[in-house]
Amino acid sequence: SRVQRRFLAMEVADTAPFITGEWYSTEVEYNQRDLLLYAVGIGCEELRFVYEQAPGFAAFPTYPVLLAMKGSSIDTDTPASSDRYLGKSSLPLFGNGPPLPSLPGARLFLDAERYIERVREIPNTGMKMLLRSRLMGIHRKGTGALIETESELTGLDGSLY
């Protein structure tokens, strides 16, 4: 069957050349408006995340996750916009991230899970930063694959966030 053929193609796909341990860096940037829109967009009602004049105003802890897709754009047409998914944009989805292998039978990618280790809060005023990413593994999962990456968010001065 077609599903079995895709599954077999995944078994023989050589993914070793892609797991090099090499880091790829992408400049990312955000501002206070981005922090506020994110917090409101996820339904947060805690004042310190949705009102910049609140005492202790801060970025919602999961905000940095979207920086890989936002990049440094302040426009709505980011690499993660609907144009990318509709085939109208050729911008890479994750900036200068690790190259993803061509996986026989795979037509789309699903963002399945994230773990976050926050070393320090990102500044609440906005900042230019570097997002370093590397490919850690490719694992067969049903008729598709799970692609595992590791990323580090640093300030331009090298401070880890």
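Scroll up to find the structure.
For every chain, the first residue of the written sequence is number 1, and numbering continues from 1 along that sequence. Where totals are concerned, whole chains, interfaces and linings use all residues; where local detail is concerned, this predicted model gives features only for residues with pLDDT of at least 70, and gives and counts side-chain atom pairs only at 80 or more. Each side-chain value is worked out from all heavy atoms of the structure, with water and hydrogens disregarded.

Engineer: For the sheet that holds strand β1 (residues 24-31), give the residues involved together with the corresponding values.
Structural biologist: Pairing between the strands of a sheet is mediated by backbone hydrogen bonds and can be parallel or antiparallel. Strands pair, by our definition, only if DSSP identifies at least two bridges between them. Numbering of helices and strands starts at the N terminus; helices are DSSP runs of H or I of at least 4 residues and strands are runs of E of at least 2. Taking strand neighbours across the sheet as the criterion, the 3 strands line up as β1-β2-β3 in an open arrangement whose pairing is antiparallel. Each end of this open sheet is capped by a strand with a single partner; those strands are β1 and β3 (144-155). When strand polarity is set aside, the average angle formed by the axes of neighbouring strands in this sheet is 35°. With 8 bridges connecting them, β1 and strand β2 (residues 126-141) associate as antiparallel partners. Among the inter-strand pairings, tyrosine 24 is bridged to a residue of β2, identified as serine 133. To obtain each axis, a line is fitted to C-alpha atoms, and for helices this fit is confined to the stretch in contact; angles are then taken between N-to-C directions over 0 to 180 degrees.

Engineer: So, the pairing of β3: which residues are in play, and what are the values?
Structural biologist: Of the pairings in the sheet, the one linking β2 to β3 comprises 12 bridges and is antiparallel in character. Bridge pairing in β3 places lysine 141 opposite glycine 144.

Engineer: Which residues make up the nonpolar core, and what values go with them?
Structural biologist: Inside soluble globular proteins, nonpolar side chains tend to come together where they are buried. What we call a nonpolar core is a set of buried Ala, Val, Leu, Ile, Met, Phe, Trp, Tyr and Cys residues that are connected through their side-chain atoms within 4.5 Å. To sort residues, take the accessible area from a 1.4 Å probe on protein chains only and compare it with the maximum for the residue type: under 20% means buried, over 50% means exposed, and anything in between is partly exposed. Ranked by internal contacts, the top residues of the largest apolar core, which has 15 residues, are Tyr30, Leu35, Tyr63, Ile122, Met129 and Leu153. The greatest single-element share of this core, amounting to 3 residues, is contributed by helix α2 (residues 32-41). Contacts are assigned to residue pairs with any non-hydrogen atoms lying within 4.5 Å of each other. Residues contacting tyrosine 30, with those up to four places away along its chain left out, are Leu35, Tyr63, Leu67, Lys70, Ile122, Pro123, Gly126, Met127 and Met129.

Engineer: I'd love a proper account of the packing of aromatic side chains, names of residues and values included.
Structural biologist: Stacked, edge-to-face and tilted labels apply to pairs of Phe, Tyr and Trp rings (six-membered ring for Trp) whose centres lie within 6.5 Å, assigned for plane angles under 30 degrees, over 60, and everything in between, in that order. Enumeration over the complete set of coordinates arrives at 4 aromatic pairs. Taking the centre distance of 6.4 Å and the plane angle of 55° together, the rings of tyrosine 38 and phenylalanine 60 count as tilted. Of the two residues, tyrosine 38 sits in helix α2 while phenylalanine 60 sits in the loop between α3 (47-50) and α4 (67-70), which places them 22 residues apart along the sequence. Residue phenylalanine 60 is classed as partly exposed on the basis of its relative accessible area, which comes to 24%. For the ring pair tyrosine 38 and tyrosine 63, a centre distance of 5.4 Å and an interplane angle of 80° mean the geometry is edge-to-face. Of the two residues, tyrosine 38 sits in helix α2 while tyrosine 63 sits in the loop between α3 and α4, which places them 25 residues apart along the sequence. One exposure class covers both tyrosine 38 and tyrosine 63, and it is buried.

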